[in-house]
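Structural characterization, general
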Amino acid sequence: MKVLILETAAEAAARTAGIISDCLAALDRPVLGLATGGTMEPVYTALVELHRNGKADFSNATTFNLDEYVGLSPNQRGSYSRFMQDALFSRVNLDPARCHLPRGNAEDPIAEAKRYEDAIAAAGGIDLQLLGIGRNGHIGFNEPISSLSGRTRVKTLTESTRRANARYFPSANAIPRYAITMGIGTILDARHCLLLATGGGKSAAVARMIEGPVAAYCPASALQMHPQATVVLDRDAAADLRLIHYYQEIHPGGREPKIP
Ligand code: PGA
C-alpha cells in the first residue's frame, strides 16, 4: 500500500485529481471507477479545472460509479446519479452513454446488480478505482462484515451511514435503507485502487484500514491485499497512524520518490 500524506484536505484532493488525470493521459481507453460523498467534491472541482486548462481529456473515458441508492431515480435529489451530473458529468467532455451507475429505480434491484457487474466486465474491467472511506471502515456501501470477495449486490445501510448522508435528503424518512454497491471483490479487481480520506473524523478508520488486521469488520482493510493501492490523506486523517514518520520518509510531502 502506498500512503501519501499531504498537509491539507485541498492539497490531498488536488493530488488525487492529478493521479486521475495522469491515468486519463496514459491510457487510450481509460475505465474509471468513481465515488461520491463530500470528500470527493473538491476532487471533481479540481478535475473540472484541469479539464478547462486542457490537462484532463475525458473523451475516450468510460466511468462506473461504486454505488447508488435503491428506489431513487437518476435525477432525484440525493441520488448519486444527480451528484455525479452536478459535480462532473455535465462539466467535462464525458460521453453520457459511457457514464454508468447502478439504476436505483430498476424494477428488480438484484438483477440490476448482476447486470452492472457484467457491464464492468464487458468494458474490460476498471483501470483506476476512486474510493472514499466511511467512519465505520466501509468502501462503496460495503458495510462492516461484508464479504471480502463479494460482487455487486444489494446491501442494507447501517444507521451510522444513513445519518452521515442525511444532509442530502429532505427528511430522515427519505434516506434510503438499501443500496446497490460494487462488492469488495469487484473493487479489488480494479487494476489500481486510489482511496482519499480527509479530516480527523476519518483518522481511526484510516488507521484500521492501513495498520489493522485484514478483517471484514473493517472492509477497507481488504485493500491491504491489493497489489496497487494508493491512499491519499491529509494530516488530520493520518493522525492515528503508528508508522506515519516512515510513510512521510518514503513519500515526502506525498511525492513519489526518485529511487537512486
Ligand atoms: P464522505 O463519504 O466523503 O461523505 O465522508 C465517504 C464514504 O462514506 O465512503
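Scope of this entry: the structure provided in the associated data block. All of these numbers come straight from a predicted model, not from anything done at the bench. (Residues numbered from 1 in each chain as written. Predicted model: local features only at pLDDT ≥ 70, side-chain atom pairs only at ≥ 80, totals over all residues. Heavy atoms only, no water.)

Concerning the sheet that holds strand β5 (residues 99–100)
Note the threshold: Strands were regarded as paired on the criterion that DSSP finds at least two bridges between them. The secondary structure listing takes helices from DSSP runs of H or I that are at least 4 residues long and strands from runs of E that are at least 2 residues long, numbered from the N terminus. Contact criterion: two residues are considered in contact whenever any of their non-hydrogen atoms come within 4.5 Å of each other. Simply put, an axis is a line fit to the C-alpha atoms, just over the touching stretch for a helix, and the angle between two N-to-C directions goes from 0 to 180 degrees.
Taken together, seven strands build an open sheet; the order of strands is β1-β10-β9-β6-β2-β3-β5 and the sheet is parallel. Two strands lie at the open edges of the sheet, namely β1 (2–6) and β5, each paired on one side alone. The pairing of strand β2 (residues 31–34) with strand β3 (residues 62–65) spans four bridges and is classified as parallel. Each residue of the ladder has a partner; that of Val31, found in β3, is Thr62. The strands that helix α1 (residues 9–26) touches are β1, β2, β6 (128–131), β9 (192–197) and β10 (229–234); relative to β10, the one it contacts most, it runs at about 150°.

What to know about the packing of aromatic side chains
Just so we agree on the cut-off: Two rings belonging to Phe, Tyr or Trp (six-membered ring only in the last case) form a pair when the distance between their centres is within 6.5 Å. Interplanar angles under 30 degrees mark stacking, angles over 60 mark edge-to-face geometry, and anything in between is tilted. The rule is simple: take the accessible area with a 1.4 Å probe, protein chains only, and divide by the maximum for that residue type; under 20% is buried, over 50% is exposed, in between is partly exposed.
Applying the stated rule across the entire model yields six aromatic pairs. Aromatic pair Tyr69 and Phe141: ring centres 5.5 Å apart, planes at 45°, arrangement tilted. Linking Tyr69 in strand β4 (residues 67–69) with Phe141 in the loop between β6 and β7 (153–156), this pair joins segments that are 72 residues apart in sequence. A relative accessible area of 0% means that Tyr69 is categorised as buried.

What to know about the site of the ligand
Using the following cut-off: The near set for a molecule or strand comprises every residue that places at least one heavy atom within 4 Å of it. We call two N or O atoms a polar contact when they sit within 3.5 Å, provided that within protein one can donate a hydrogen and the other can accept it, with sequence-adjacent residues counted only if both atoms are side-chain atoms. Following the grouping adopted for this structure description, the nonpolar residues are Ala, Val, Leu, Ile, Met, Phe, Trp, Tyr, Cys and Pro, the charged ones are Asp, Glu, Lys and Arg, and the polar ones are all others, Gly among them.
If you check the shell around the ligand, you find Gly37, Gly38, Thr39, Gly132, Ile133, Gly134, His138, Arg167 and Lys202 and nothing else. With respect to the ligand, the side chain of His138 contributes an N or O atom lying 2.6 Å from an oxygen atom. Within the side chain of Lys202, one N or O atom sits 2.6 Å away from an oxygen atom of the ligand. Along the lines of polarity and charge, the residues of the shell around the ligand split into one nonpolar, six polar and two charged.

Here we look at the nonpolar core
The nonpolar side chains of soluble globular proteins are, as a tendency, buried together. Selection rule: Working definition of a nonpolar core: buried Ala, Val, Leu, Ile, Met, Phe, Trp, Tyr and Cys residues. They are joined through side-chain atoms within 4.5 Å.
Among the nonpolar cores identified, the biggest contains 75 residues, and Tyr44, Phe58, Leu88, Leu233 and Leu241 are the most heavily contacted of them. Sort the elements by how many residues they give to this core and α1 lands first, with seven residues. Contacts of Leu233, omitting those with residues within four sequence positions, involve Val3, Leu4, Ile5, Leu6, Ala12, Ala197, Val206, Ile210, Ala238 and Leu241.

Focus on the side chain of Thr36
Mapping Thr36 onto the fold places it in the loop between β2 and α2 (41–52). Residues in contact with Thr36, not counting those within four places in the same chain, are Asn65, Asp67, Tyr80, Phe83 and Met84.

Structural notes on the sheet that holds β7
In spatial order, the strands read β4-β8-β7; together these three strands make up an open sheet with antiparallel pairing. The sheet terminates laterally at β4 and β7, the two strands that pair on one side only. The average undirected angle you get between the axes of adjacent strands in this sheet is 30°. Summarising the sheet, β7 and strand β8 (residues 178–181) pair through four bridges and their orientation is antiparallel.

A word on the packing of α2 against helix α3 (residues 80–87)
Across the interface, α2 lies against α3 with an axial gap of 10 Å and an inter-helix angle of 35°. Facing Glu41, Tyr44 and Val48 of α2, the residues of α3 in contact are Phe83, Met84 and Ala87. Residues of the contact of α2 with α3, tallied by class, amount to five nonpolar, no polar and one charged.

Some details on helix α4 (residues 109–122)
Cut-off, in case you're wondering: Under the convention used throughout, the expected extent of a helix is 1.5 Å for every residue step, that is, one less than its residue count. The arc in question is the one spanned by the directions pointing from the helix axis to the C-beta atoms.
The terminal C-alpha atoms of α4, which comprises 14 residues, lie 20 Å apart, in line with the 20 Å expected from a rise of 1.5 Å per residue. Buried within α4 we find Glu112, Ala113, Tyr116, Glu117 and Ile120. The arc that holds every buried residue of α4, seen down its axis, measures 140°, which confines them to one face. Seen from the buried face of α4, the exposed residues on the opposite side, beyond 90 degrees, are Lys114, Ala121 and Ala122.

Examining the pattern of salt bridges
The test is simple: Definition used for salt bridges: Asp or Glu carboxyl oxygen within 4 Å of a side-chain nitrogen of Lys or Arg.
Applying the stated criterion across every chain, the model contains 13 salt bridges. In this structure, the salt-bridge partner of Asp86 is Arg82, at a minimum N-O distance of 3.6 Å. Of this pair, Asp86 and Arg82 both sit in helix α3, four residues apart, which is roughly one turn of that helix. Owing to a relative accessible area of 47%, Asp86 belongs among the partly exposed residues under this scheme.

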